[in-house]
Amino acid sequence: MSFGNWKPTVVVQGILWILYGLLLQPEPGTATLPLLMDSVIQALAELEQKAPATEAGRSAAAWLLSAQGSGTHSPLRHFLLEGKGLNTTDLDPPSLSPELRGLMGEVARHSVQDGKEYGVVLAPDGSTVAVEPLLAGLWAGLQGHRIINLSLENSATPPDAGVTFPDLADTSPGLSDASPDVTSADVRAVSPNVSTKDLDVGATSPEVRPGSPDVQASSPDTKAKLPTAMDSVLVVTLAGDLGLNFLQGPQTWNHSGVGTEGCWDQLSVPRTFTLLGPEASSLTTAFLNGALDGALLGDYLSRTPEPRPPLSHLLSQYYGAGVAGDPGFRSNFRRHNGAALTSAPTLTQQVWGALILLQRLEPAHPRLQGMSQEELAQVATHASKEFTEAFLGCPAIHPRCRWGAAPYQGRPTPLKLPLGFLYVHHTYLPAPPCTSFKRCAADMRSMQRFHQQTQGWADIGYSFVVGSDGYVYEGRGWHWVGAHTLGHNSRGFGVALIGNYTAELPSEAALRAVRDQLPRCAVRAGLLRPDYALLGHRQLVRTECPGDGLFNLLSTWPHFDKNVKPRTARKASSRSKRRPPPMILLSTDLQ
């Protein structure tokens, strides 16, 4: 199917309307497709094959509204994405396979219950993604990068007046004739607890973008500027849920509940996802992944001129080699790209604005009732700070279960935290850097087998291993003594980069993880001392590790300890030189 055959916004938006409608009509127990992102892409492709046959004048949104009844369970998404001005003419849903309907039932809504996470799928890069915020971002992006003005009626609104919805007709199918730029809709106050005097805000220019210098940071210690506008893409994907979760109280401001990972029952045909943290909030890693993907792709769609690509094609690229041939614009680098899309000050305004809007939409909301603007600003500040520092600013770490680790042999020895050293290694073999989850996971299993079966160690020796696919892989982790730097294993974390860096350097993403992200987040979490020392393996053990190329670069990094001189590697005999290099490591001096 060529892009030119597509009705620019009608068809693509219609597909999302239909898909979102199916999400809200789950048929539990009928799913046979595995919970994979590839299955979701397959579902979109099937819808896209049927959608072009639909007459352009008969919006697929009509079928969604008549099918779902009360609409989406999120007031913010209902308000910002569905509107009230849609034509509700009859539209029969396309004939979809039972497998597809079953899949939609499985991923209908994101939730966390009894240690299990629902509404998530496994992506090709090894990450787990919540589908609901992803679709919401795509949907918002197709409407244009719309700015919602938080202006108020000049006259008082009766407490029982209800919500005045903006007319969204011009941002649904009719947008095909408009610029993919910004459209604007006013949000009117309905809560009797909010007066015009409290929020004297005016309209915002349609040119306001995330990261605009006109948007000021909010802080509980200073008088913050009230938000005057919201970006609907950020609100429906991320800002609204951030605000609601941090409304639960200061106990949720601790980063331990944000970004909890989990394990699939199996990776080939995943069905059940169990969280690793018993106190996990709904702001899991999978949810935040889906929210970031929705925000990034929604932003991309809003800026892409017609004809836009089919959604199945867009997602295949994003969860594959990269959108429009850009390897940097793919799911592997969502955190890095998310940090470029929004900052803590900008996100603070978006979270605060989302809470203000929700306070107007639901005046009796149990968590929002009676909260002052200062209190909402404080919640927004903490939520944004926690997200940007504890999630965006930290590397994405695949847990052991994700790469298929074998069990630890014996009983691990706990570390006495915080530690004072970070030891850097290269694996030497495998020599080629791994650039995909499939390859990196296989390398991890290979190294673990060598360490356990050949070296006789209890587990893979390294604390963490860094691939060139944008991910860090958990070895022995933050809490157990490793076998990476002979005589020093209990004093520091051992981090290895997959590859031979004798004459070459790792990718910038891998270097950034070791130089900046991993130590910064370890310090923040109290696992590594702020004055930690960075050392190459050769400074403590007679070895060439981590290779001349990488070691020379390490010597220019902050925290590198130049006072510890490298130890001369043992001279190999002529006989040993004729032998092939060891399977994984340059020497066996790790443990």
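A quick note: this is a predicted structure, and the numbers were derived from the prediction, not measured.

Caption draft 1: How the structure looks around the overall build of the protein. Helix and strand content of the protein: 17 helices and 15 strands. The proportion of buried residues among the 591 residues of the protein is 57%. Partitioning the intrachain contacts of the protein with sequence separation of at least 6 by distance along the chain shows that 80% fall at a separation of at least 24.

Caption draft 2: Local environment of the pattern of salt bridges. Applying the stated criterion across every chain, the model contains 18 salt bridges. Salt-bridge contacts for Lys385 lead to Glu389; the nearest nitrogen and oxygen are separated by 3.2 Å. Here Lys385 pairs with Glu389, and both are found in helix H12 (residues 373-392), just four residues apart, close to one helical turn. When its relative accessible area of 41% is taken as the criterion, Lys385 is described as partly exposed. Residue classification places Glu389 among the partly exposed positions, given a relative accessible area of 31%. One connected set of salt bridges, linked through shared partners, spans Lys385, Glu386, Glu389 and Arg524.

Caption draft 3: The arrangement of the state of the cysteines in detail. Considering all chains together, one arrives at three disulfides under this definition. There is a disulfide in this structure between Cys263 and Cys401, and the S-S distance comes to 2.0 Å. Across the S-S bond linking Cys263 and Cys401, the dihedral sits near -90°, which makes this disulfide left-handed. Linking Cys263 in strand S8 (residues 262-264) with Cys401 in helix H13 (residues 400-403), this pair joins segments that are 138 residues apart in sequence.

Caption draft 4: Structural context of the packing of helix H6 (residues 131-142) against helix H7 (residues 232-246). In the contact formed by H6 and H7, the axes pass within 9 Å of each other and the chain directions differ by 175°. Classified by the interaxial angle, the pair formed by H6 and H7 is roughly antiparallel. Counting all contacts with H6, which are made through Pro133, Ala136, Gly137, Ala140 and Gly141, the residues of H7 involved are Ser232, Val233, Val236 and Thr237. Of the residues assigned to the contact of H6 with H7, the class counts are five nonpolar, four polar and no charged.

Caption draft 5: Broad picture of helix H14 (residues 437-454). Compared with the 26 Å implied by 1.5 Å per residue over 18 residues, the 25 Å span of H14 between its first and last C-alpha is a close match. Every buried residue of H14 is listed here: Phe437, Cys440, Ala441, Ala442, Asp443, Met444, Ser446, Met447, Gln448, Phe450, His451 and Gln452. Those residues of H14 that are buried lie in contact with strand S10 (397-398), H13, strand S12 (464-466) and strand S13 (472-474). Directly after H14, the chain includes Gly456, whose backbone phi takes a positive value near 75°.

Caption draft 6: Local environment of the sheet that holds strand S11 (residues 419-426). Ordered in space as S10-S13-S12-S14-S11-S15, the six strands form an open sheet in which the pairing is mixed. Bordering the open sheet on either side are S10 and strand S15 (528-536), each of which pairs with just one other strand. Of the pairings in the sheet, the one linking S11 to S15 comprises five bridges and is parallel in character. Across the sheet, residue Tyr423 finds its bridge partner in S15, namely Leu535. The sheet strands contacting H14 are S10, S12 and S13, and the helix crosses S13 at an angle near 35°. Most of the contacts of helix H15 (residues 508-524) go to S15, to which it runs at about 150°, and overall it touches S10, S11, S12, S13, strand S14 (492-497) and S15.

Caption draft 7: Region of the structure containing unusual backbone geometry. Across the junction of Leu429 and Pro430, the peptide omega takes the value 0°, indicating a cis bond. Among the structural elements, Pro430 can be located in the loop between S11 and H14. A cis amide bond links Cys545 to the next residue, Pro546, at an omega of 10°. A positive phi angle is found at Asp114, which is not glycine, with a value near 50°. Within the secondary structure layout, Asp114 lies in the loop between strand S1 (111-113) and strand S2 (116-118). Even without being glycine, Tyr428 reaches a positive phi, approximately 65°. As for its placement among the helices and strands, Tyr428 is situated in the loop between S11 and H14.

Caption draft 8: Layout of the side chain of Ser468. One can find Ser468 in the loop between S12 and S13. Sequence-distant contacts of Ser468, that is, excluding residues within four places in its chain, are made with Pro433, Cys434, Thr435, Tyr501 and Ser507.

Caption draft 9: The arrangement of the nonpolar core in detail. Residues Met37, Leu242, Leu297 and Phe387 are the most contacted members of the largest nonpolar core, which totals 84 residues. For Met37, the contacting residues outside a window of four places in its chain are Val121, Leu122, Ala123, Pro124, Val129, Leu134 and Tyr319. Counting 28 residues, the second largest nonpolar core, distinct from the first, contains Leu497, Ala513, Leu527 and Leu554.

Caption draft 10: Local environment of the packing of aromatic side chains. Applying the stated criterion to the full structure yields nine aromatic pairs. When the ring of Trp264 is compared with that of Phe273, the centres are 4.9 Å apart and the planes differ by 50°; the resulting orientation is tilted. On the basis of relative accessibility, which here comes to 2%, the residue Phe273 falls in the buried class.

Caption draft 11: Region of the structure containing the packing of H7 against helix H8 (residues 285-303). Two numbers describe how H7 lies on H8: the axes approach to 8 Å, and their chain directions differ by 160°. The orientation of H7 with respect to H8, classified from their angle, is roughly antiparallel. Of the two elements, H7 crosses H8, and the hand of that crossing is left-handed. Facing Val233, Leu234, Thr237, Leu238 and Asp241 of H7, the residues of H8 in contact are Phe287, Leu288, Ala291, Gly294, Ala295, Gly298 and Asp299. Among the residues making up the contact of H7 with H8, the classes are represented as seven nonpolar, three polar and two charged.

Caption draft 12: Molecular detail of the pairing of S11. Taking burial as the measure, the eight residues of S11 include eight buried ones, the bulk of the element. Direction of pairing for S11 relative to S14: parallel, over a ladder of six bridges. From the neighbouring strand, Tyr423 faces S14, where its bridge partner is Gly494.

Thresholds applied
Residues numbered from 1 in each chain as written. Predicted model: local features only at pLDDT ≥ 70, side-chain atom pairs only at ≥ 80, totals over all residues. Heavy atoms only, no water. Helix = DSSP H or I, 4+ residues; strand = E, 2+ residues; numbered from the N terminus. Buried < 20%, exposed > 50% of the residue type's maximum accessible area, 1.4 Å probe, protein only. Contact = heavy atoms within 4.5 Å. Salt bridge = Lys/Arg side-chain N within 4 Å of Asp/Glu carboxyl O. Disulfide = S-S within 2.5 Å. Axes fitted to C-alpha atoms, helices over the stretch in contact; angles between N-to-C directions. Parallel < 35°, antiparallel > 145°, perpendicular 65-115°, else oblique. Nonpolar A, V, L, I, M, F, W, Y, C, P; charged D, E, K, R; others polar. Expected span 1.5 Å × (residues − 1). Pairing = 2+ DSSP bridges. Core = buried A, V, L, I, M, F, W, Y, C linked by side-chain atoms within 4.5 Å. Phe/Tyr/Trp six-rings, centres within 6.5 Å; stacked < 30°, edge-to-face > 60°. Left-handed = near helix turned anticlockwise from the far one by under 90°.

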